[in-house]
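What follows is each chain in one-letter form.
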Amino acid sequence: MTDQRTAAGSVDFGRATVARIYDYLLGGERNFPADRAAAHQLLQAVPEARDIAWSNRLFLRRAVHVLAETGIRQFLDLGSGIPTQGNVHEVAQAIAPDSRVLYVDIDPVAVVASNEILMGGPHRALEGDFTQPELLLDTLTDSDLATVIDLNRPVAVLYCAVLQQVPDNRIDAVIAPIRDQLAPGSAMVISHLSAADVTDAYDETTVSTAKSVFKAQAATEITLRTDAQLGALFGDFTIMAPGLVPLSDWRPELSGPDPYATAPTRSPMHGAVATR
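**Structural notes on the pattern of salt bridges**
By the definition in use, this model includes nine salt bridges. For the salt bridge of D98 with R73, the shortest nitrogen-to-oxygen distance reads 3.4 Å. Taken as a pair, D98 in the loop between helix 5 (88-95) and strand 2 (100-105) and R73 in the loop between helix 4 (49-70) and strand 1 (74-78) lie far apart in primary sequence, 25 residues in all. Taking relative accessible area as the criterion, R73 reaches 23% and is therefore assigned partly exposed.

**Quick word on the side chain of R20**
Tracing the chain through its elements places R20 in helix 2 (residues 18-25). Among the residues examined, R20 registers a relative accessible area of 1% and is labelled buried. A polar contact of 2.7 Å, which involves the side chain of R20, links it to the side chain of D35.

**Considerations on empty space enclosed by the protein**
Taken as a whole, this structure holds one cavity of 30 Å³ or more when the rule is applied. Along its surface, the largest cavity is lined by 13 residues, and I82, P83, N87, Y103 and S114 are the ones closest to its centre. Among the secondary structure elements, those contributing two or more residues to the lining of the largest cavity are helix 5 and helix 6 (108-118). In the lining of the largest cavity, the residues fall into six nonpolar, five polar and two charged.

Parameters at a glance
- Residues numbered from 1 in each chain as written.
- Predicted model: local features only at pLDDT ≥ 70, side-chain atom pairs only at ≥ 80, totals over all residues.
- Heavy atoms only, no water.
- Salt bridge = Lys/Arg side-chain N within 4 Å of Asp/Glu carboxyl O.
- Helix = DSSP H or I, 4+ residues; strand = E, 2+ residues; numbered from the N terminus.
- Buried < 20%, exposed > 50% of the residue type's maximum accessible area, 1.4 Å probe, protein only.
- Polar contact = N/O pair within 3.5 Å; in protein donor to acceptor, adjacent residues only side chain to side chain.
- 1 Å grid on protein atoms, 1.4 Å probe; cavity = no way out; pocket = protein on both sides within 12 Å on 5 of 7 lines; lining within 4 Å.
- Points joined across faces, edges and corners; volume = space filled by probe spheres on them.
- Nonpolar A, V, L, I, M, F, W, Y, C, P; charged D, E, K, R; others polar.

This is the structure we're talking about:
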């Protein structure tokens, strides 16, 4: 592994991050003892945590596949995390070789890992905070980044398993500035923990324990939302078929089997793809 202390600058390896917990759950190698300890605590509370992570990853790939087939050539992956096999640029370029992807994550380890993979290609990874959209939009006007993402042309913005880190009193301020600036023909992809299915599948103590792991180990609050709340995040975009559904029900024929395809319970994450 690259020396992340040198490459990523000052990184607090004693504190877990959501990106590196997710990396561990997906079988990645760019995580550290704090991340693994947090993941083990999460798995004790929610043994299906790995399945949830993989279900989300497969949904992301299917969504990118569909949007690339519709003609979108620019993808902005916000809260992108650490690369795994079948990244956004790999899926998009398999459909359209001229696709461009900009990955954005607040974790410098994720950004370093992404740029190591992307070196020499047309894509980029940027250290940034998707919860500060105005700053991100200012950064995107940089002439160098504009060669990757041109907001005057259709862009697919991906919010996969990240908006649950934003509290209700800030969610509109996080989503609206970017959503409302997207050009006609653009798209939004959202996957998110479902309030109804989480509470149906797990008792209150389990949910509280899982939330406390993210709060204590990764300084992250988790907010569950209803389908009505999630649908509102798309604004005036039109949600594509099959709608806002459990992730395992969204175009399942386009990827390998979702862990929840034959599970006795529904996926606790819902998702949708919408276009302008």
